[in-house]
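Residue-level structure breakdown
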Amino acid sequence: MESLLNRLMRDRTLSDKDLRVLLESRDASLAEDLRRAAQETAVSRFGKQVYLRGLIEWSNVCRNDCLYCGIRRSNGNVARYTLTAREILNNCSRAWDMGLRTFVLQGGENPRGAEDLVEVVAQIRAQWPDVAITLSLGELPFDLYARLRQAGADRFLLRHETATPEHYARLHPAGMTIEHRLGCLRELRRLGFQTGMGMMVGSPWQTTENLIADLRLLEDFRPEMIGIGPFIPQKDTPLGEFPAGSPELTLKLYSIVRLMLPDALIPSTTALSTQMAGGRLAGILAGANVIMPNFSPMDRREDYSIYDGKPAADGAETLEKIKEELAAAGYSINPVRGDYLQH
Ligand code: SAH
């Protein structure tokens, strides 16, 4: 019988039954074969190179109340901040000087604050015509998405978190639905954004069936970017006592997703490196091809604690480490915008 892995590589998909076997398997040699196949696929598309994205956490003000997230509205232990246009541009400038050609502005869900970002995006676009501007600002009114796009934003990250409606409802406040999330993603795509989705691994109550539904959604929507990281409890949230998700399962998902969607831009996430020493490189060797060093101002870092233990290293320092790690594995940085390309 043809091996499961051969079927995945040939068909770029698997049956639910096979996915369950793969996700639940504890067979180390199967895991290693999967990892190697995914690494080879990534190398065939991108070479032994990774793209960088400079992350700027522009604001922790949030109207939303996601049960897992440390900057949820109900968390009174957060000192709320919003960076000024000048602070944002200064940090973009720092990232630019270190060779970064994608800036990611991420923050809480805050439509009023995001209104002000329209002008900031236009300023970034004017100052650096060639960079990619990525936004990660949650669910916003569609006309605001449109104005951000018009101002020059190229990409938008909006993880779906979990594709199963009942599971989604347990992780989010009343009224938030996966249907609305997907409506936002479809609109973002219609507006011409490269769109990113993805899920947390090992979030409370997650089953293998939930993860299979996530993979089916990714296969169906075919996002340009796919962000996957382990759930990590944050002590001031209602889910703060749940265990963290498994880094090994996260790596396995990078590999499966790479084989299903070979051209996708897949970051080796900060949450993964938080849970696993050497996780950043392990992610790359499992099929990821993007790393996102943090260029937020150091004095705001502790206020953007979406999960506990989030590293506070500055982008400059991280960049040095990344270069060393990559070089030791025969990899290097590809110093370009790194847009989605169909190979
Ligand atoms: N407010 C924006 C972006 C900020 S949160 C939005 O909703 O998209 C960015 C991502 O961090 C979320 O999509 C979620 O997947 C992840 N995240 C939040 N809390 C987390 C936790 N406790 N553990 C792991 N990842 C978490």
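Each remark here, short or long, concerns the structure printed above.
The sections below set out a description of the structure shown in this document. Residue positions are given per chain, counting from 1 as you read along its sequence in written order. Side-chain atom pairs in this predicted model are given and counted only at pLDDT of 80 or more, local residue features only at pLDDT of at least 70, and totals for whole chains, interfaces and linings cover all residues. Side-chain figures throughout are based on the complete set of non-hydrogen atoms in the structure, without hydrogens or water.

Exposed residues in this analysis have more than 50% of their type's maximum accessible area, buried residues have under 20%, and partly exposed residues fall in between, with area computed by a 1.4 Å probe over protein chains only. Working definition: helices are DSSP H or I runs of at least four residues, strands are E runs of at least two. Numbering for both runs from the N terminus. Counting buried residues in strand β3 (residues 102-107) gives 6 out of 6 residues, a clear majority hidden from the surface. A pair of strands is considered paired only if DSSP assigns at least 2 bridges between the two. One ladder, built from 5 bridges, connects strand β2 (residues 54-59) with β3; its direction is parallel. Residue pairing in the sheet places Ser59 in a bridge with Gly107 of β3. The definition of a right-handed crossover adopted here requires that, viewed with the strands pointing away, the path from the first strand over the helix to the second runs clockwise. The β-α-β motif built from β2, the intervening helix α4 (residues 85-97) and the parallel element β3 has right-handed crossover chirality. Sheet analysis places β3 next to strand β4 (residues 132-136), joined by 5 bridges and oriented parallel. From the neighbouring strand, Thr102 faces β4, where its bridge partner is Ala132. Read as a crossover between parallel neighbours, the route from β3 over helix α5 (residues 111-127) to β4 is right-handed.

Each residue is tested against the molecule or strand, and it is near if at least one of its non-hydrogen atoms lies within 4 Å. With respect to spatial proximity, 18 residues lie near the ligand, and among them Tyr68, Gly107, Arg159, Glu161 and Ile232 are the closest. Within the side chain of Glu161, one N or O atom sits 2.5 Å away from an oxygen atom of the ligand. Here the open area of atoms and residues is found with the Shrake-Rupley method and a 1.4 Å probe, where only the protein chains shown may cover a residue. Isolated, the ligand exposes 540 Å² of accessible area, and the fraction of that covered by the protein chains is 92%. Three classes are used, and their members are as follows: Ala, Val, Leu, Ile, Met, Phe, Trp, Tyr, Cys and Pro are nonpolar, Asp, Glu, Lys and Arg are charged, and the others, Gly among them, are polar. Each residue belonging to the shell around the ligand can be placed in one class, and the counts come to 10 nonpolar, 5 polar and 3 charged. Distance and chemistry together define a polar contact, namely a pair of N or O atoms within 3.5 Å, with one atom able to donate a hydrogen and the other to accept it when in protein, and with adjacent residues in sequence counting only for side-chain atoms on both sides.

Another point: the packing of helix α9 (residues 208-221) against helix α10 (residues 247-260). Running from N to C, α9 and α10 cross one another at 30°; their axes reach a closest spacing of 11 Å. Relative to α10, the element α9 lies roughly parallel. The handedness of the crossing between α9 and α10 is right-handed. Where α9 abuts α10, its residues Leu211, Leu215, Arg216, Leu218 and Glu219 lie against Leu249, Leu253, Ile256, Val257 and Met260. Of the residues in the contact of α9 with α10, the class split is 8 nonpolar, no polar and 2 charged. Helix axes are fitted only over the stretch in contact, all axes being lines through C-alpha atoms; the angle between N-to-C directions runs from 0 to 180 degrees. Small angles under 35 degrees read as roughly parallel and large ones over 145 as roughly antiparallel, with 65 to 115 read as roughly perpendicular and the rest as oblique. It is the rotation of the near helix from the far one that decides the hand of a crossing: anticlockwise by less than a right angle makes it left-handed, clockwise makes it right-handed. Here, two residues are considered to be in contact whenever any of their heavy atoms come within 4.5 Å of each other.

Bringing the packing of aromatic side chains into the picture now. By convention, a stacked pair of Phe, Tyr or Trp rings (six-membered ring in the case of Trp) has centres within 6.5 Å and planes under 30 degrees apart, an edge-to-face pair has planes over 60 apart, and any other such pair is tilted. All told, the structure shown has 7 aromatic pairs when counted by the stated rule. On the basis of an interplanar angle of 35° and a centroid distance of 6.4 Å, the ring pair of Trp96 and Trp128 is categorised as tilted. Here the residue Trp96 occupies a position in helix α4, and Trp128 occupies one in the loop between α5 and β4, the gap between them amounting to 32 residues. With a relative accessible area of 27%, Trp96 lands in the partly exposed category. Looking at Trp128, the relative accessible area reads 6%, which means it is buried. Consider the rings of Trp205 and Phe242, whose centres lie 5.1 Å apart with planes at 65°: the pair is edge-to-face. Note that Trp205 is positioned in the loop between β7 (200-201) and α9 and Phe242 in the loop between β9 (229-230) and α10, a separation of 37 residues in sequence. The exposure class assigned to Trp205 is partly exposed, which follows from its relative accessible area of 35%. In textbook terms, an aromatic cluster arises when at least three aromatic residues are bridged by ring pairs, as seen for Phe142, Tyr145, Phe156 and Phe193. Its guanidinium or amino end placed over the ring of Trp205, Arg170 lies 4.2 Å from that ring's centre, counting from NZ or CZ. Remark: a charge is flagged as sitting over a ring if the NZ atom of Lys or the CZ atom of Arg is within 6 Å of the ring centre and within 35 degrees of the ring normal.

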